[in-house]
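Coordinates in review
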Amino acid sequence: MKLRRATGEVRRLGLLADGDLLGEMAVLDDSPRTATARALTDCTLMPIDRKQFAERLDSADPVVRALLLSQISRYRSALAQLSGQGEHHASPQAAAQQSPDALLALDKIRLESHLREALESKLLEVRLQPILDIHAKRVAGFEALTRWTHPERGPVSPADFIALAEETSLIVPVGDYVLHEVCGALRGIATPPGSPQPFIALNVSGRQLDDPGLLDRFLTVLRAHEVSPAQLKVEITESLVLDYAQVSRIIERCHGAGMKVALDDFGTGYSNLGHLHKLQFDTLKMDQGFIRQMHDPRCLAIVRAVVGMADSLGCDIVAEGVETDEQLATLDSLGCKYAQGYLIGKPLPIAEAVALLR
């Protein structure tokens, strides 16, 4: 049945206003129509093709789609029993709830529930990957990375559970949890008088950036652990900096509090020089894809140009994905400040990472 824009008696009864949509669920699940609407007076019809809904339903979040189709299936079953038609025969759409796509959606719901339990039970592990000061040949700091070992599934890919947390409000408490762990680690690091203080870089997501209380909580936790704000570096992924006004305010507040800000994954996806022109980042983290291809003269020329540009802007460069001595030597010759990657060290438990500084 086509959806209709109704006027006349239906509107007079207060059921619909002019311009409202009228239809039934057969449009959504491709089942036989179970109801008919008849206008008592003249009305204007605006047909909406079923395909328009099917395309949107197919592209919807799999969890939302699975829940919607499940509710429709329950409705069809209840309707069939009330009408005395016996057992409801599932429509193709309802039967598809047992498809791999639907099962994946249900699995996603379970994983989110387990992630919430892991967070409450403090089962998430924060690891620190060392960042080398290339010229000084010493570990200058770390990047904080979160790991989760599921009791049944084993290690869960960070790409999976972090993305899941970002889709929900969970990313905010996960971020706060990591912040406390990071500040605890920084408090446990003792540096000789006059030596540079090590830093830990902490990535923040888009949802966290939307939280107006984010930086206030950062400062509160830092004070509680008696850690200098200069030892915490905020990392913002390049894909999030298109909202220049928001990110500019965050950078300004971080600088006002004594924290530095890094642009993560520079050189991928959304790269443009407007990021550097409009936003005063302290550090650029060059994507590992460039480092791995420095054997190519054209790629090497790009790395050289980025290092030179960053130096002119007063920014440090962190080269990610460094895996060979040759890559490290090349970066040193180009004047790159920092290196990060498996050659320098893999992500380590906090105690092992802190031991590197002793």
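Just above sits the structure.
My aim in this report is to walk through the structure given alongside it, one point at a time. This is a predicted model, so every value here is computed, not measured.

In terms of helices and strands, the chain carries 16 helices and 10 strands. For the chain, buried positions account for 42% of its 358 residues. At a minimum sequence separation of 6, the contacts of the chain that also span at least 24 residues come to 66%. Total accessible area on the chain stands at roughly 19400 Å², and carbon and sulfur atoms take up 53% of it.

The next point concerns helix H14 (residues 297-313). Spanning 17 residues, H14 covers 24 Å between terminal C-alpha atoms, matching the ideal 24 Å at 1.5 Å per step. Among the residues making up H14, those that are buried are Cys-299, Leu-300, Val-303, Val-306, Val-307 and Ala-310. Burial along H14 is one-sided: seen end-on, the buried residues are contained in an arc of 125°. Those residues of H14 that are exposed and aimed more than 90 degrees away from the buried face are Pro-297, Arg-298 and Ser-312. Of the surrounding secondary structure, the elements contacted by the buried residues of H14 are strand E6 (260-266), strand E7 (283-286), helix H13 (288-292), strand E8 (316-319) and helix H15 (325-334). Where H14 starts, the residue carrying a side-chain oxygen 2.8 Å from the main-chain nitrogen of Arg-298 turns out to be Asp-296. One or two positions beyond H14, positive phi appears at Gly-314, with a value near 80°.

Per the counting criterion, the structure on display carries 12 salt bridges. With a shortest N-O distance of 3.2 Å, Arg-127 and Glu-125 are connected by a salt bridge. Accessibility expressed as a relative area gives 27% for Arg-127, which makes it partly exposed. In this structure, Glu-320 and Lys-285 form a salt bridge, with 3.6 Å as the shortest nitrogen-oxygen distance. With Glu-320 in the loop between E8 and H15 and Lys-285 in strand E7, this residue pair connects regions lying 35 residues apart in the sequence.

Right, let's talk about the packing of aromatic side chains for a bit. By the definition in use, this model includes 2 aromatic pairs. With centroids separated by 5.8 Å and ring planes inclined at 85°, the aromatic side chains of Trp-148 and Phe-161 adopt a geometry described as edge-to-face. You can see Trp-148 sitting in strand E2 (residues 138-150) and its partner Phe-161 sitting in helix H7 (residues 158-167), a full 13 residues away along the chain. On the accessibility criterion, Phe-161 (1% relative accessible area) is buried. Pairing Phe-199 with Tyr-338 gives two aromatic rings, centres 5.9 Å apart and planes at 70°, and the pair type is edge-to-face. One end of the pair, Phe-199, is in strand E4 (residues 199-204); the other, Tyr-338, is in strand E9 (residues 338-340), with 139 residues separating them in the sequence. Directly above the aromatic system of Phe-199 lies the positively charged group of Lys-233, at a separation of 4.3 Å from the ring centroid. Over the aromatic face of Tyr-342 sits the side chain of Lys-346, whose NZ or CZ is 5.1 Å from the ring centroid.

Before going further, it helps to spend a moment on a nonpolar patch on the surface. Residues Leu-67, Leu-106 and Ile-109 make up a contiguous nonpolar surface patch of roughly 220 Å² in combined accessible area. Mapping Ile-109 onto the fold places it in helix H6 (residues 100-120). Relative accessible area serves as the criterion here: at 30%, Ile-109 is assigned to the partly exposed category.

What follows concerns the nonpolar core. The biggest cluster of nonpolar side chains holds 78 residues, and the ones touching the most others in it are Leu-128, Val-182, Phe-218, Met-259, Leu-284 and Leu-331. Counting residues per element, this core draws most heavily on helix H8 (residues 171-187), which supplies 9 residues.

Glancing now at the side chain of His-225. If you trace the backbone, His-225 turns up in the loop between helix H10 (214-224) and strand E5 (232-237). Here Val-221 takes part through its backbone oxygen, which lies 3.0 Å from a polar atom of the side chain of His-225. Aside from chain neighbours lying at most four places away, what touches His-225 is His-180, Cys-183, Gly-184 and Arg-187.

Analysis parameters
Along each chain, residues carry numbers from 1 onward, in the same order as the chain's sequence is written. Per-residue local features of the predicted model are confined to residues with pLDDT of at least 70, and side-chain atom pairs are confined, for both listing and counting, to 80 or more; whole-chain, interface and lining totals are unaffected and use all residues. The side-chain numbers reported here are obtained from all heavy atoms of the structure, hydrogens and water having been left aside. Under the scheme used here, helices are H or I runs from DSSP no shorter than 4 residues and strands are E runs no shorter than 2 residues, and both carry numbers assigned from the N terminus. Each residue gets one of three labels from its accessible area relative to the maximum for its type: buried under 20%, exposed over 50%, partly exposed in between, using a 1.4 Å probe on protein chains only. We call two residues in contact whenever any of their non-hydrogen atoms come within 4.5 Å of each other. Note on areas: Shrake-Rupley, 1.4 Å probe, and residue coverage restricted to the protein chains presented here. A helix is expected to span 1.5 Å for every residue after the first. By construction, the arc corresponds to the directions joining the helix axis to the C-beta atoms. We define a polar contact as two N or O atoms separated by no more than 3.5 Å, with the added condition that, inside protein, one atom must be a possible hydrogen donor and the other a possible acceptor, whereas residues neighbouring each other in sequence contribute only through side-chain atom pairs. Any carboxyl oxygen of Asp or Glu within 4 Å of a side-chain nitrogen of Lys or Arg constitutes a salt bridge here. Ring pairs are drawn from Phe, Tyr and Trp, using the six-membered ring of Trp, whenever the two centres fall within 6.5 Å, and their geometry is named by plane angle: stacked under 30 degrees, edge-to-face over 60, tilted for the rest. By definition, being over a ring means that NZ of Lys or CZ of Arg is both within 6 Å of the ring centre and within 35 degrees of the ring normal. To count toward a patch, a residue needs a relative accessible area over 30% and no salt bridge; like charges are then connected within 9 Å, while nonpolar side chains (Val, Leu, Ile, Met, Phe, Trp, Tyr) are connected within 5 Å. We define a nonpolar core as any set of buried Ala, Val, Leu, Ile, Met, Phe, Trp, Tyr and Cys residues linked to one another through side-chain atoms lying within 4.5 Å.

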